[in-house]
Amino acid sequence: MSVQDAYNHWSTTYDTDINLTRDLDQAVTRKTLSDSRFQSVIELGCGTGKNTLFLAEIAETVHAMDFSANMLQRAREKIESTLETNNVVFSVADITQSWAYDDQSIDLIVCNLVLEHIEDLSFIFSEATRCLVKGGRFFVCELHPFRQYQGKKANFQKGQETVEISAFVHHISDFFNAGQQNGLQLNQLKEWWHTHDHNSLPRLISFVFEK
């Protein structure tokens, strides 16, 4: 099953499945960005909108992208039922292709639990650099490479079957190098554990790059 098909299938249960990684990512995003305000934000791989509503609260405009039409529809329904004033623009898009945004037009780009499905980090970082204004930030939160080394992947239940979604292992140095090679400075690197992760490897890793 392709990554796109997998997320289309997963969209019906994504918000209700027990998923500590999803929940921790949501908490990390809020903890990292809640004290900031932005004019324009790109959310890469918005999924069902677990972070979109929060981003809409701290930004004037949010451009939420995902290549799963079903995931995106869930996010759209969630936003339309919650926000009185809708400042989110949704688009079905493949982030491995050129992004439909002007140069130096975006204050913040966020990417959560997406890059494990992307083989070539350099293109993503290159487009982020192109779109960001000077001083703009690129926030990345991903499954920790240490977990990937153990064979952990995003997965969900489809009936009696456990579906593992294809992923690429990216080392910590890969993120740092992709930023450096594309003119982004690493301002913050943090590792995160869920409260249920007793005496275990970190679950997530996050980066804040700045142009």
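Residue positions are given per chain, counting from 1 as you read along its sequence in written order. It should be noted that, the model being predicted, local features are given only for residues of pLDDT at least 70 and side-chain atom pairs only at 80 or more, the latter also being counted only at that level, while totals for whole chains, interfaces and linings use all residues. As a rule here, side-chain values cover all heavy atoms of the structure and leave hydrogens and water aside.

Participant: So what exactly am I meant to see when it comes to the packing of helix α1 (residues 3-10) against helix α4 (residues 69-82) here?
Facilitator: Two packed helices can be described by the angle between their axes and the distance between those axes. The convention used is that axes are lines fitted to C-alpha atoms, helices contributing only their stretch in contact, and that angles between N-to-C directions extend from 0 to 180 degrees. Helix numbers and strand numbers start at the N terminus; a helix is a DSSP run of H or I with at least 4 residues, a strand a run of E with at least 2. Running from N to C, α1 and α4 cross one another at 40°; their axes reach a closest spacing of 7 Å. Classed by the angle they form, the pair α1 and α4 counts as oblique. Contact residues: Tyr-7, Asn-8 and Trp-10 in α1; Ala-69, Asn-70 and Met-71 in α4. Residue type decides the class: Asp, Glu, Lys and Arg count as charged, Ala, Val, Leu, Ile, Met, Phe, Trp, Tyr, Cys and Pro as nonpolar, and the leftover types, Gly among them, as polar. By residue class, the composition of the contact of α1 with α4 is four nonpolar, two polar and no charged. Should an angle fall under 35 degrees it is called roughly parallel, over 145 degrees roughly antiparallel, and 65 to 115 degrees roughly perpendicular, with every other angle called oblique. We call two residues contacting when some pair of their heavy atoms lies within 4.5 Å.

Participant: Help me understand the sheet that holds strand β5 (residues 132-143), please; the structure alone is not making it clear to me.
Facilitator: Within a sheet, neighbouring strands are paired by backbone hydrogen bonds and run either parallel or antiparallel to one another. Paired strands, in this sense, are two strands between which DSSP finds at least two bridges. One open sheet holds the seven strands; their spatial order is β3-β2-β1-β4-β5-β9-β8, and the pairing between them is mixed. Single-partner strands in this sheet number two, and they are β3 (88-92) and β8 (185-192). The sheet shows a mean angle of 15° between the axes of neighbouring strands, direction not considered. Packed on one face of the sheet, α4 meets β2 (59-66) and β3 and runs near 165° to β3. In the packing of helix α5 (residues 121-131) onto the sheet, the strands contacted are β1 (38-44), β4 (106-112), β5 and β9 (204-210), and the crossing angle to β5 comes to about 150°.

Participant: For this particular structure, what's the right way to read the nonpolar core?
Facilitator: Core analysis: the largest hydrophobic core is formed by 27 residues, its most contacted members being Leu-33, Leu-55, Val-88, Phe-90 and Phe-139. Here Leu-55 is in contact with Leu-33, Val-41, Glu-43, Val-62 and Val-110, once residues within four sequence places are set aside. The criterion is simple. A nonpolar core is a set of buried Ala, Val, Leu, Ile, Met, Phe, Trp, Tyr and Cys residues joined through side-chain atoms within 4.5 Å. Here's how the labels work: a residue is buried when its accessible area is under 20% of the maximum for its type, exposed when over 50%, partly exposed in between, all with a 1.4 Å probe on protein chains only. Within the second largest apolar cluster, 26 residues are counted, among which are Phe-125, Ala-128, Ile-205 and Phe-207.

Participant: Before we go on, may I ask you to explain the pattern of salt bridges in this structure?
Facilitator: It is possible for side chains bearing opposite charge to pair when their charged atoms get close. In what follows, salt bridge is the name for a side-chain nitrogen of Lys or Arg lying within 4 Å of a carboxyl oxygen of Asp or Glu. Inspection of the entire model under this criterion finds seven salt bridges. Close ionic contact of Lys-78 with Asp-15 constitutes a salt bridge, the shortest N to O distance being 3.0 Å. Of this pair, Lys-78 sits in helix α4 while Asp-15 sits in the loop between α1 and α2 (20-33); the two residues are 63 residues apart in sequence, bridging distant segments of the chain. Salt-bridge contacts for Arg-203 lead to Asp-197; the nearest nitrogen and oxygen are separated by 2.7 Å. For the pair Arg-203 and Asp-197, one class covers both residues: buried. Each of the salt bridges in this network shares a partner with another, and the network as a whole consists of Asp-103, Glu-127 and Arg-130.

Participant: I would appreciate a short explanation of the layout of surface pockets in the present structure.
Facilitator: In this structure, the largest pocket occupies an estimated 840 Å³ of space. Using a grid of 1 Å spacing that covers the protein atoms alone, one calls a set of points a cavity when a 1.4 Å probe fits there but cannot get out, and a pocket when the set is open and has protein on both sides within 12 Å along at least five of seven lines; lining residues are those with an atom within 4 Å of a point. Looking at the largest pocket, it is lined by 41 residues, and the ones nearest its centre are Tyr-7, Trp-10, Glu-116, His-117 and Ala-154. For the lining of the largest pocket, the residue count by class is 17 nonpolar, 13 polar and 11 charged. Grid points are joined across faces, edges and corners, and a volume is the space filled by probe spheres set on the points.

Participant: Just checking my understanding: could you explain empty space enclosed by the protein for this structure?
Facilitator: Left-over empty space is what a probe sized like a water molecule reveals as it rolls over the atoms. Applying the stated criterion to the full structure yields one cavity of 30 Å³ or more. What lines the largest cavity is Leu-115, Glu-116, Glu-142, Leu-143, Pro-145, Gln-148, His-170 and Phe-175. At the level of secondary structure, the elements contributing two or more residues to the lining of the largest cavity comprise β5 and α6 (145-149). Residues belonging to the lining of the largest cavity are distributed by class as follows: four nonpolar, two polar and two charged.

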